[in-house]
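Observations on the model geometry
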Amino acid sequence: MTLDMQGATAAIEEYFGHEVLTDEPTWASVLIDQAPATYESAEDLTTALELMHLRHAQEQPATD
């Protein structure tokens, strides 16, 4: 299976949420451009993102 830019975009949106394309357009576009040359599938891209622990920080509940 070959990863194309459309597949990379879909994988990145699924992993980070669709807001990433508007919240971080420069970073997301570089990743989308480079992903097809680096990863063979959307699963490979997602696995790499998980290994790098790249996720939006989620708010932690306040502790009293």
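Here, every reference points to the structure presented above.
All values derive from a computational prediction rather than experimental measurement.

Here we come to the packing of helix α1 (residues 5-16) against helix α4 (residues 42-51). Direction vectors running N to C along α1 and α4 enclose 40°, while the axes themselves pass 9 Å from each other. Taken as axis vectors, α1 and α4 run oblique relative to one another. For the element pair α1 and α4, the recorded crossing hand is right-handed. Of α4, the residues touching α1 (which contributes Gly-7, Ala-8, Ala-11, Ile-12, Tyr-15 and Phe-16) are Ala-42, Leu-45, Thr-46, Leu-49 and Glu-50. Across the contact of α1 with α4, the residue classes break down as eight nonpolar, two polar and one charged.

Parameters at a glance
- Residues numbered from 1 in each chain as written.
- Predicted model: local features only at pLDDT ≥ 70, side-chain atom pairs only at ≥ 80, totals over all residues.
- Heavy atoms only, no water.
- Axes fitted to C-alpha atoms, helices over the stretch in contact; angles between N-to-C directions.
- Helix = DSSP H or I, 4+ residues; strand = E, 2+ residues; numbered from the N terminus.
- Parallel < 35°, antiparallel > 145°, perpendicular 65-115°, else oblique.
- Left-handed = near helix turned anticlockwise from the far one by under 90°.
- Contact = heavy atoms within 4.5 Å.
- Nonpolar A, V, L, I, M, F, W, Y, C, P; charged D, E, K, R; others polar.

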